[in-house]
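# Coordinate inspection notes
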Amino acid sequence: MSPNGVEISFLLVGLATLGAAVVTVTTRQLVHAALWLVVALGGIAVEYLLLTAEFVAWVQVLIYLGSVVVLLLFGLMLTKAPIGRSPDADSGNRPVALAVALVAAVALVWVVVDAFRTTWIDLDTVQGSTAVTGEILFRHWVLPFEALSVLLLAALIGAIVLSRRTGTTAGDDTAAGGDTVKGKR
């Protein structure tokens with residue numbers, strides 16, 4: 001069994017996605033991390049396309065790239081997060097985080113390999129249709145989708161509220177909305 005073009009493409013896109021995910025969590029610049037997250041989530045959408053799951057790929061693009069990342073970027077911009085290097089973003093727990101990530105990755109790979117060891121997907125035939133996938137998704141998973149939308153809305157409103165707060169003192173004339181300088185009228 002020699003690999004065909006789809007399998008080689010799947011492997012290459014998977015490696016690029018893994019690289020983008022590693023850069024996402026290792027960069028010290030928050031905006032760069034958000035942009036690398038776009039690359040990683042886009043790579044996952046391409047993987048779905050290679051698996052002939054077009055509906056799931058477009059849901060990935062619309063929900064994650066179109067909503068979650070945009071909300072994350074708006075949250076960064078509205079809360080006036082530092083654009084450049086952020087020393088506050090590193091808590092010093094890198095060894096513990098790396099150990100937890102490795103244990104979680106090994107456990108996830110072990111569970112997936114154990115569950116699908118003898119399962120093979122024939123990529124030449126279509127396994128499911130968009131109608132069936134959509135029906136299952138929105139019949140059984142509609143409550144988590146709605147809960148996620150409420151959570152994203154609450155996060156956006158929270159970011160707007162945090163950005164609207166002013167840290168002015170009572171004697172500052174600019175706090176009242178005027179353009180005057182303190183002490184001059």
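On a predicted model such as this, the values are computed, not experimentally measured, just so you know. (Residues numbered from 1 in each chain as written. Predicted model: local features only at pLDDT ≥ 70, side-chain atom pairs only at ≥ 80, totals over all residues. Heavy atoms only, no water.)

## Quick look at the overall build of the chain
Stated precisely, the cut-off is as follows: For the purposes of this entry, the term helix denotes a DSSP run of H or I that reaches at least four residues, the term strand denotes a run of E that reaches at least two, and both are numbered from the N terminus. When accessible area is computed with a 1.4 Å probe and restricted to protein chains, residues below 20% of their type maximum are described as buried, those above 50% as exposed, and intermediate ones as partly exposed. Residues count as neighbours in contact if any of their non-hydrogen atoms are within 4.5 Å of one another.
The helix and strand tally for the chain stands at six helices and zero strands. If you list the helices and strands of the chain from N to C, you get α-α-α-α-α-α. Here the chain, with 185 residues, has 13% of them falling under the buried criterion. Long-range contacts, defined here as pairs at least 24 residues apart, represent 66% of the contacts in the chain between residues at least 6 apart.

## Some remarks on the nonpolar core
Using the following cut-off: We define the nonpolar core as a collection of buried residues of types Ala, Val, Leu, Ile, Met, Phe, Trp, Tyr and Cys that are connected through side-chain atoms lying within 4.5 Å of one another.
The biggest cluster of nonpolar side chains holds five residues, and these are Ala 34, Leu 41, Val 69, Leu 73 and Leu 76. Of all elements in the fold, only α2 (30-50) and α3 (54-78) reach the threshold of two or more residues within this core. Looking at this core, the element that brings in the most residues is α3, giving three residues. Beyond its immediate chain neighbours, meaning those up to four positions away, Ala 34 contacts Val 69, Leu 72, Leu 73 and Leu 76.

## A word on α2
For the record, the criterion: Each residue after the first adds 1.5 Å to the expected span of a helix.
Taking 1.5 Å as the rise per residue, α2 with 21 residues should run 30 Å; its terminal C-alpha atoms sit 30 Å apart, in good agreement. For α2, the set of buried residues is Ala 33, Ala 34, Ala 40, Leu 41, Gly 42, Gly 43, Ala 45 and Glu 47. Where the residues of α2 are buried, they touch α1 (5-26) and α3. Thr 52 sits one or two positions beyond α2 and adopts a positive phi of about 60°.

## A closer look at the pattern of salt bridges
The following threshold applies: The salt bridge definition used is simple: a Lys or Arg side-chain nitrogen within 4 Å of an Asp or Glu carboxyl oxygen.
Under the defined criterion, the tally for this structure stands at one salt bridge. In this structure, Arg 117 and Asp 114 form a salt bridge, with 3.8 Å as the shortest nitrogen-oxygen distance.

## Focus: the environment of Trp 36
Tracing the backbone shows Trp 36 in helix α2. Residue class for Trp 36 comes out partly exposed when judged on its relative accessible area of 37%. Put simply, Trp 36 and Ala 21 are 15 residues apart on the chain and 7.0 Å apart in space, counted from C-alpha to C-alpha. Not counting residues up to four positions away in its chain, the partners in contact with Trp 36 are Ala 20, Val 23 and Thr 24.

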